[in-house]
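# Geometric and topological summary
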Amino acid sequence: MKKIILLLSISLSLPFFGTAQTNGDKLKVFLECTQEWRCDFDFVKTEMTMVDFVRDRVGSDVHVMVNTQSSSSGGVQAKLYFLGLSRFANTTDTLEYFNDPTATEDEQRKKMVQYLKLGLTRYMAKTKMADQLNIGFTGTPVSGNTSAAPPVDKWNNWVFSVGSNASLNGDQNYKSRSFFGNFSADRETEEWKVNAGVYLSNSVDVYIQDSTESRYERQSYSGEFDVAKSINSHWSYGMSTGFENSLYSNIQAGYRLQGKLEYSVFPYSKFNTQRIVFQYRLGPSYNDYYDTTIYLKTKEWQTSQSISAIGSFTKPWGSVNLGIFFSNYFSDFEKNALSFNGAVSWKVAKGLQFALWGNYGLIHNQITLAKGNVPIDQILVRNRQLESSYQYNLGVGFSYRFGSMMNSIVNPRFKGLNYSINL
């Protein structure tokens with residue numbers, strides 16, 4: 001028995017006395033993605049063995065911050081900020097690229113690796129690893145007398161998307177089916193932004209108890225059309241229209257039309273790292289209700305306005321996102337809503353990260369509520385909306401990582417199934 005324990009102890013301790021030591025000449029890189037799900041860290045590490053990826057910016061040579069933003073067309077704009085630290089202090093750079101909506105996950109991660117290598121070349125050139133660098137060109141050289149013609153876009157920047165999904169599940173006492181469908185058309189240029197979409201959903205839940213069947217059906221459909229025009233690097237204006245059907249909200253047919261105006265304190269070109277914008281919307285709406293509302297309305301016209309202030313900042317030490325939203329109806333200014341939203345992510349110290357997020361809203365504008373008592377079963381399955389003067393959500397969390405500073409090795413054994421599907 002003692003021999004077995006001794007053998008187990010020796011075998012378990014072998015990995016800690018292995019030869020997995022990092023090369024002191026390698027560049028130490030701390031890679032951070034503001035949206036981690038867009039970065040395949042394992043792939044990056046296996047494709048870039050010429051550098052050492054470390055788990056904290058403290059002690060690294062270069063801090064690479066990847067900031068991604070989705071366009072309305074479904075594409076992704078990525079900005080890579082290279083912040084030199086330690087021996088490379090004050091050496092910074094920025095690279096930018098765009099993944100079109102049809103790019104696969106493999107194409108996207110390969111493009112990220114390509115731009116990471118480009119950005120890190122200037123730093124590696126000043127290390128002993130420079131002798132092992134080999135820079136090549138895979139394109140077709142163009143002579144100085146030839147000017148490449150701009151590509152012709154037969155779609156004129158329009159991007160269309162169609163999608164749907166359905167599910168069916170159940171057991172002896174319960175069965176459920178659901179369907180969701182959507183269609184969107186989007187176009188973005190430097191001057192114009194156009195977004196249109198139609199969305200459908202239907203779900204049915206059936207509960208069986210003692211041969212008694214209870215059936216609950218929820219359905220909704222909605223559509224929207226938004227257009228925005230740039231005035232300059234700080235101002236833009238536009239229009240928004242939409243329609244809605246929702247049993248939960250007691251709206252059989254709802255229509256809205258709003259004009260909108262936005263001012264950005266910083267130029268729009270800075271939105272990836274710092275953004276403070278003020279928005280104003282104004283316009284009429286019409287609702288035709290399923291049931292008479294608490295204000296004894298079966299249908300009505302309303303004119304409303306909304307004012308919002310949004311700020312977001314992404315820095316090497318973390319990020320801050322804040323928003324204040326106010327809206328009211330002109331028929332009665334006491335019918336209004338005010339909400340505060342925010343999220344803070346802060347790298348407190350080496351390896352320690354803290355996050356706080358939440359929102360709080362004061363609600364006095366529920367004009368669509370149906371009058372009368374709502375059956376308890378309808379409440380439990382959230383088939384009808386109830387009156388409330390406030391709502392809130394609050395979350396807090398932290399993470400602390402410690403141990404070996406070097407984490408460039410990727411071991412794929414027993415990794416499990418990556419169960420995901422992107423439509």
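Before reading further, recall that the structure is shown in the block above.
Let me begin by describing the structure that accompanies this report. If you're wondering where the values come from, they're calculated on a predicted model, not measured in any experiment.

## What about the environment of Lys 110?
Looking at the secondary structure, you find Lys 110 in helix α3 (residues 105-124). Owing to a relative accessible area of 47%, Lys 110 belongs among the partly exposed residues under this scheme.

## Focus on α3
Think of an α-helix as 3.6 residues a turn; residues three or four steps apart then line up on the same face. The end-to-end C-alpha distance of α3 is 28 Å, a good match for the 28 Å that 20 residues give at a rise of 1.5 Å each. Turning to α3, its buried residues are Met 112, Val 113, Tyr 115, Leu 116, Gly 119, Leu 120, Tyr 123 and Met 124. Residues of α3 that are buried sit in contact with β1 (27-33), α2 (41-47), β2 (51-53), β3 (62-70), β4 (76-84) and β5 (92-99).

## A short note on the nonpolar core
The biggest cluster of nonpolar side chains holds 27 residues, and the ones touching the most others in it are Leu 27, Val 64, Phe 82, Leu 116 and Leu 120. Elements that contribute at least two residues to this core include exactly β1, α2, β2, β3, β4, β5 and α3. Tallying contributions element by element places α3 first for this core, with seven residues. Every residue in contact with Leu 120, bar those within four places of it in the chain, is listed here: Leu 27, Val 29, Met 48, Val 51, Val 62, Val 64 and Phe 82.

## Topic: the sheet that holds strand β10 (residues 235-246)
Spatially, β6-β7-β8-β9-β10-β11-β12-β13-β14-β15-β16-β17 is the arrangement adopted by the twelve strands of the open sheet, whose pairing is antiparallel. Every other strand in the sheet has two partners, leaving β6 (158-170) and β17 (390-400) as the edge strands with one partner each. Each neighbouring strand pair of the sheet contributes to a mean axis angle of 10°, computed without reference to strand direction. As defined by bridge partners, strand β9 (residues 212-230) adjoins β10 across eleven bridges and the pair is classed as antiparallel. Following the sheet pairing, Tyr 221 is matched in β10 by Asn 245.

## Observations regarding the sheet that holds β5
If you trace the five strands from one edge of the open sheet to the other, you get β2-β1-β3-β4-β5, paired in mixed fashion. Strands at the two margins of the open sheet, each flanked by one partner only, are β2 and β5. Each adjacent strand pair in this sheet contributes to an overall mean axis angle of 25°, direction not counted. The pairing of β3 with β4 spans nine bridges and is antiparallel. Bridge pairing in β4 places Val 62 opposite Gly 84. Its contacts with the sheet place α3 against β1, β2, β3, β4 and β5, and it is angled at close to 165° to β5.

Thresholds, definitions, all that
- Residues numbered from 1 in each chain as written.
- Predicted model: local features only at pLDDT ≥ 70, side-chain atom pairs only at ≥ 80, totals over all residues.
- Heavy atoms only, no water.
- Helix = DSSP H or I, 4+ residues; strand = E, 2+ residues; numbered from the N terminus.
- Buried < 20%, exposed > 50% of the residue type's maximum accessible area, 1.4 Å probe, protein only.
- Expected span 1.5 Å × (residues − 1).
- Contact = heavy atoms within 4.5 Å.
- Core = buried A, V, L, I, M, F, W, Y, C linked by side-chain atoms within 4.5 Å.
- Pairing = 2+ DSSP bridges.
- Axes fitted to C-alpha atoms, helices over the stretch in contact; angles between N-to-C directions.

Shape descriptors only; they carry no functional weight alone.
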